[in-house]
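Architecture and fold: a report
Residue strings, one per chain:
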Amino acid sequence: MKKVYKDKIVNIENTDVFDAKFSFDYLNFDYDSNYDVEVIFMSDLLEPRKNDEIADKLVNKPAMYSNVYSPKDELEIFTELFENAINNNKKIHIVGITLWEEIDMLERYYDSLWYMRDDVNCYVPNFAEALVTVSVKIENIMWKGSDYKRMWKKIFFNPPVRESGQVKSMFKAINRGSMAGIYIEDKTEEVEKFLSECVVTEKILPLTFAKLLKYNGEQIGFSWNTSELIIEY
């Protein structure tokens, strides 16, 4: 088995060198603790804006669920949070973004801080310094808009699953280094299978994955305890 750290992968003593397993640390942190950064769940701010009129039409058009919590409302909320943080020199971490427009705003801010590394074409943020950091919920990269017809209520989340172009933008942010984390509320067998597929197909590289699960969060200032997540490839 191999242990994955933020900058290296090493064989674990007394384990099979040739097995197909990666061991990652997953940072379980208490969002209610008194950190120097305010943690904001997009879902909490979207819920009061729920469009119940659209919700009544979902039996025949499940893909309309994406507009139960509209992209327009989400972007408006994000923009307000972002501008307030920058203008007031306040550290915030937003959990549950789903839009390219949010990533674009964030990356332009990171450009101003010279976080883009041209030699690797990726962002290398100082998350301890950045005023705004973000995470995506696992559900918002596991599924895409075309899955509504097949999955229906099983993927009626808040924030909602967006169309495939927006999901691709979340993966792009993950691999470019501007996304600080992946929020996993429940590490189900289905979630672990999806994460394994991401590693096997190199949609997320192991070192990047390790940062998303633990090390970026620690740099932001989160702490609590860690659990092990084993990915087979």
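This text goes with the structure placed above it.
The notes below deal with the structure included here.

Calculation notes
Residues numbered from 1 in each chain as written. Predicted model: local features only at pLDDT ≥ 70, side-chain atom pairs only at ≥ 80, totals over all residues. Heavy atoms only, no water. 1 Å grid on protein atoms, 1.4 Å probe; cavity = no way out; pocket = protein on both sides within 12 Å on 5 of 7 lines; lining within 4 Å. Points joined across faces, edges and corners; volume = space filled by probe spheres on them. Helix = DSSP H or I, 4+ residues; strand = E, 2+ residues; numbered from the N terminus. Nonpolar A, V, L, I, M, F, W, Y, C, P; charged D, E, K, R; others polar. Core = buried A, V, L, I, M, F, W, Y, C linked by side-chain atoms within 4.5 Å. Buried < 20%, exposed > 50% of the residue type's maximum accessible area, 1.4 Å probe, protein only. Contact = heavy atoms within 4.5 Å. Expected span 1.5 Å × (residues − 1). Pairing = 2+ DSSP bridges. Polar contact = N/O pair within 3.5 Å; in protein donor to acceptor, adjacent residues only side chain to side chain. Phe/Tyr/Trp six-rings, centres within 6.5 Å; stacked < 30°, edge-to-face > 60°. Patch = residues over 30% accessible without salt bridge, like charges linked within 9 Å, V, L, I, M, F, W, Y side chains within 5 Å. Areas by Shrake-Rupley, 256 points an atom, 1.4 Å probe, with all protein chains shown as cover. Salt bridge = Lys/Arg side-chain N within 4 Å of Asp/Glu carboxyl O. Lys, Arg positive; Asp, Glu negative; His and termini not counted. Charge placed at Lys NZ, Arg CZ, Asp CG, Glu CD.

**Description of the layout of surface pockets**
Of the pockets and cavities examined, the largest pocket occupies roughly 550 Å³. If you trace the largest pocket, you find 22 residues lining it, with Tyr123, Val124, Pro125, Lys211 and Asn216 closest to the centre. Among the elements of the structure, strand 7 (122–123), helix 7 (164–176) and helix 9 (206–220) are those that each provide at least two residues to the lining of the largest pocket. A class-by-class count of the residues in the lining of the largest pocket yields eleven nonpolar, five polar and six charged. The volume enclosed by the second largest pocket comes to roughly 270 Å³. In this structure, the second largest pocket is lined by 18 residues; those nearest its centre are Ile138, Glu139, Trp143, Phe157 and Val191. When its residues are assigned to classes, the lining of the second largest pocket shows nine nonpolar, three polar and six charged.

**Examining the nonpolar core**
For soluble globular proteins, the rule of thumb is that nonpolar side chains tend to be buried together. Among the nonpolar cores identified, the biggest contains 73 residues, and Phe24, Ile138, Ile141, Met179, Ile182, Leu195 and Phe209 are the most heavily contacted of them. Not counting chain neighbours up to four residues away, the residues in contact with leucine 195 comprise Ile138, Ile184, Phe209, Leu229 and Ile231.

**Side note on helix 8 (residues 189–200)**
Its twelve residues place the ends of helix 8 16 Å apart at the C-alpha level, agreeing with the 16 Å of an ideal helix rising 1.5 Å per residue. Phi for glutamate 202, located one or two positions after helix 8, is positive at around 60°.

**Section: the environment of glutamine 166**
Looking at where glutamine 166 falls in the secondary structure, it is placed in helix 7. If we skip the residues at most four places from it in the chain, glutamine 166 touches Thr98, Leu99, Trp100 and Glu101.

**Comments concerning the pairing of strand 5 (residues 92–95)**
Regular strands show a simple pattern: their side chains alternate between the two faces of the sheet. Of the two faces of strand 5, both are covered, the one formed by Ile92 and Ile94 as well as the one formed by His93 and Val95. Relative to strand 5, strand 4 (residues 38–41) runs parallel, the two sharing four bridges. Residue pairing in the sheet places glutamate 38 in a bridge with isoleucine 92 of strand 5. Pairing geometry for strand 5 and strand 8 (residues 132–137), over four bridges, is parallel. Its bridge partner being in strand 8, valine 95 is matched across the sheet by serine 135.

**A few points about the side chain of glutamate 107**
One can find glutamate 107 in helix 4 (residues 100–112). A polar contact is formed between the side chain of glutamate 107 and the side chain of arginine 176, at a distance of 3.2 Å. Those residues in contact with glutamate 107 that sit more than four places away from it in its chain are Tyr123, Ala173, Arg176 and Ser178.

**Observations concerning the packing of aromatic side chains**
One pass over the structure, following the stated rule, counts 13 aromatic pairs. Relative to phenylalanine 24, the ring of phenylalanine 22 lies with its centre 6.1 Å away and its plane at 70°, an arrangement referred to as edge-to-face. Judged by its relative accessible area of 9%, phenylalanine 22 is buried. Following the ring pairs from residue to residue traces out a cluster consisting of Phe78, Phe82, Tyr109, Tyr110, Tyr115 and Tyr123.

**Quick notes on helix 3 (residues 71–87)**
Given 3.6 residues per helical turn, the α-helix brings residues three or four places apart onto the same face. With 17 residues, helix 3 should reach 24 Å at 1.5 Å per residue; the first-to-last C-alpha distance of 24 Å fits that figure. Within helix 3 the residues assigned to the buried category are Asp73, Glu74, Ile77, Phe78, Thr79, Leu81, Phe82 and Ala85. Looking one or two residues beyond helix 3, the residue adopting positive phi is asparagine 89, at roughly 55°.

**Thoughts on a negative patch on the surface**
Together, Asp44, Glu47, Asp52, Glu53 and Asp56 line one region of the surface with negative charge. Here glutamate 53 shows up in helix 2 (residues 52–55).

**Quick notes on the pattern of salt bridges**
Overall, the coordinates contain eleven salt bridges when judged by the stated rule. Its salt-bridge partner being arginine 49, residue aspartate 73 comes within 3.4 Å of it at the nearest N-O pair. Of this pair, aspartate 73 sits in helix 3 while arginine 49 sits in the loop between helix 1 (42–46) and helix 2, placing them 24 residues apart in sequence. The network of salt bridges with shared partners includes Lys3, Asp25, Lys214 and Glu218.

Geometric descriptors of this kind do not, in isolation, establish any biological role.
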